[in-house]
Amino acid sequence: MSQKLYIFGIGGTGSRVIRALTMLLAAGCKLENGFDTVVPVIIDPDISNGDLDRTKDILRLYQQIRNQVHQPDDFFRQEVKTIRELADHSASVNPGFFQFRLNGVDGNQFRQYIGFDELDDNPGLSADDKNFMRLFYSEANLNADISVGFKGNPNMGSIVLNQFTASDDFKNFGLTFGPGDAVFIINSIFGGTGAAGFPLLLKNIRGNSDIPHAVQVRDAPVGGITYLPYFTLNRQDEVNSESFEEKAKTAIDYYNRTIISQNKINVLYLAGNKASTNVIKYAVGGREQKNNAHFLEIAGALAIMDFCRNTSLHAVSGGVATAGTSVREYGIENDVENITFGDLNLNDVKTLSGPLTKYKMFTEYLNKGLSTALGVSRWTRSNIRLVAKNKNSLLDRNYFNSVEYSLQVKAFNALFDEWLLELGENKPAFSPFREITPSTALNLVRDRNPRGDVSFKPIDIQNCRLIDKDDLRSSEDKKHTTLIRMFGQSIEKVLTKKEMIIR
């Protein structure tokens, strides 16, 4: 029976962690303990948010590529679905379905959303509703444009976000929820959307009796990662990063009283960087809010994998974690400004080293080695004499000139390389790879120095050996099978022989 992990990414931080997780899944990471389907759900009122748009685009490309691979066994092997696909039993790819839509936020001020202007304002008749509301919300709150989020004000976010639990999407979440399924929630605690959305969502998972399979949802394992401040802004305005730490302390106190001490969640991961010198460009939302990837977002993806690995320990009865709430913090072995694989704990190294190194080698080969091999190496030629037609290569010039390759594989790989580049330019940097040329390709991993031929040639040789294998030959409707599965195997063989992967 299929087991699903529903991952709720709240706000910009939620989108960025889902971005990191998708990159790791593309590289070959897979959830353990029988979770064969990942269901990302993004909750963000800012529909034009740059982080949100980029993540939805990455998820779209992931699905398109995976749908074109017959029985993926390495790269892209983890199934990713939307709730709508599950509810409708559809195979259509629509990135919009990864996001819960909130009604009444587009182009509206908060005062319009709560109907403030329609309230009575007459103290003499004991109908002074407007001034009563002003006890809770400042004029800046009331006049705020909520189409770009809540600008660090969870008191506003809690009102608006409460509606998603009555939406069709949330009902479909319950409808598609099955035995063995689990939930993971991602949020930041120092903003508005994430800080407000997390307790609301958890409350409805543990106690909403109006959704289908309510008892099954209530007693499912639930994990979450909450982000403490890990960046500052280059200027202070409506959103003031100088208040991040105080907001985080207040929210943590609330979470401790209402979630942790009441055992409403099985495991809560915490990640942050108090001494961070990472300064990002100020943006209140919209397309300008497109933050560079940060290593702590990989930490969030690792938390998701750790949670799945240990779900057998996360029993729930009556909406309460029977073993209590486990709280875990993330840390690395060496406190350095430039993190490489050797600076991580051994479990994280084993999780990340192989998949990331293999996929980075894949993108490097296609960027820097393909032009030399194309039309020359046996694995790229489809017009070789004395070779049966059904044994000719499917990875010839026609394939690499195809629309599918250009708009799917090449586009996704460009986003993967962009993600790694951003990680290497942030503070602290995550930069496990060296710059390479075709002649130094296998010197890719920092602190690893393989012997012998370090060019792309060993991969080229392996490709020539694998290209005739029947199980790697794609069918008409699975155009990327040969490319994705062959490179997964050939790179694995070469990197293992060269001892480039830390296992």
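This one's a predicted model, so the numbers in the text were calculated from it and none came from an experiment. (Residues numbered from 1 in each chain as written. Predicted model: local features only at pLDDT ≥ 70, side-chain atom pairs only at ≥ 80, totals over all residues. Heavy atoms only, no water.)

Asks: I keep staring at a positive patch on the surface and nothing clicks. Help me out?
Replies: Residues Arg465, Lys469, Lys493 and Lys497 make up a contiguous surface patch of positive charge. Along the polypeptide, Lys469 turns up in the loop between α16 (457–466) and α17 (481–497). Classification of Lys469 as partly exposed rests on a relative accessible area of 33%. (Patch = residues over 30% accessible without salt bridge, like charges linked within 9 Å, V, L, I, M, F, W, Y side chains within 5 Å. Areas by Shrake-Rupley, 256 points an atom, 1.4 Å probe, with all protein chains shown as cover. Salt bridge = Lys/Arg side-chain N within 4 Å of Asp/Glu carboxyl O. Lys, Arg positive; Asp, Glu negative; His and termini not counted. Charge placed at Lys NZ, Arg CZ, Asp CG, Glu CD. Helix = DSSP H or I, 4+ residues; strand = E, 2+ residues; numbered from the N terminus. Buried < 20%, exposed > 50% of the residue type's maximum accessible area, 1.4 Å probe, protein only.)

Asks: Just to check I follow, could you spell out the pattern of salt bridges for this structure?
Replies: A pair can form between side chains of opposite charge whenever their charged atoms are brought close. One pass over the full model with this rule turns up 22 salt bridges. Residue Glu297 is joined to Arg16 by a salt bridge in which the shortest nitrogen-to-oxygen separation is 3.4 Å. Here Glu297, found in helix α12 (residues 295–309), pairs with Arg16, found in helix α1 (residues 11–26); they are 281 residues apart in sequence, far enough to count as distant. For Glu364, the salt bridge goes to Lys368, with nearest N and O atoms at 3.1 Å. On the criterion of helical spacing, the pair formed by Glu364 and Lys368 is a turn pair, its members being 4 residues apart in helix α13 (residues 346–373). If you follow the salt bridges from partner to partner, you end up with Arg16, Arg19, Asp51, Arg54, Glu297 and Glu422 in one network.

Asks: What is the right way to look at the packing of helix α2 (residues 50–66) against helix α15 (residues 403–425) in this model?
Replies: As a packed pair, α2 and α15 sit with axes 9 Å apart at the nearest point and diverge in direction by 135 degrees. Accordingly, the angle class assigned to the pair α2 and α15 is oblique. Helix-helix and strand crossings are classified by hand; for α2 and α15 the assignment is left-handed. Taken together, the residues of α15 that come into contact with α2 (itself represented by Arg54, Asp57, Ile58, Leu61, Tyr62, Gln64 and Ile65) are Leu407, Gln408, Val409, Ala411, Phe412, Leu415, Glu418 and Glu422. (Axes fitted to C-alpha atoms, helices over the stretch in contact; angles between N-to-C directions. Parallel < 35°, antiparallel > 145°, perpendicular 65-115°, else oblique. Left-handed = near helix turned anticlockwise from the far one by under 90°. Contact = heavy atoms within 4.5 Å.)

Asks: Please explain unusual backbone geometry as it appears in this structure.
Replies: Backbone geometry follows two general trends: most residues other than glycine have a negative phi, and most peptide bonds adopt the trans configuration. Residue Lys427 is joined to Pro428 through a cis peptide bond whose omega torsion reads -10 degrees. Among the secondary structure elements, Pro428 is positioned in the loop between α15 and β14 (429–430). Look at Asn33: it is not a glycine, yet its phi comes out positive at around 70 degrees. Relative to the helices and strands, Asn33 resides in the loop between α1 and β2 (35–43). The phi dihedral of Asn263 is positive, around 55 degrees, even though this residue is not glycine. For Asn263, a relative accessible area of 23% translates into the label partly exposed.

Asks: Sorry if this is basic, but what is going on with the packing of aromatic side chains here?
Replies: Each aromatic ring pair is described using two quantities: the centre-to-centre distance and the angle formed by the ring planes. The final tally for this structure, using the stated rule, is 32 aromatic pairs. Relative to Tyr359, the ring of Phe75 has its centre 5.0 Å away and its plane inclined at 75 degrees; by these criteria the two rings are edge-to-face. You can see Phe75 sitting in the loop between α2 and β3 (79–80) and its partner Tyr359 sitting in helix α13, a full 284 residues away along the chain. The pair formed by Phe75 and Tyr359 is uniform in burial state, with each residue classed as buried. Geometrically, the ring pair formed by Phe75 and Phe362 is tilted, given 5.4 Å between the ring centres and 35 degrees between the ring planes. Of the two residues, Phe75 is situated in the loop between α2 and β3 and Phe362 in helix α13; the sequence distance between them amounts to 287 residues. With respect to class, Phe75 is no different from Phe362; both count as buried. (Phe/Tyr/Trp six-rings, centres within 6.5 Å; stacked < 30°, edge-to-face > 60°.)

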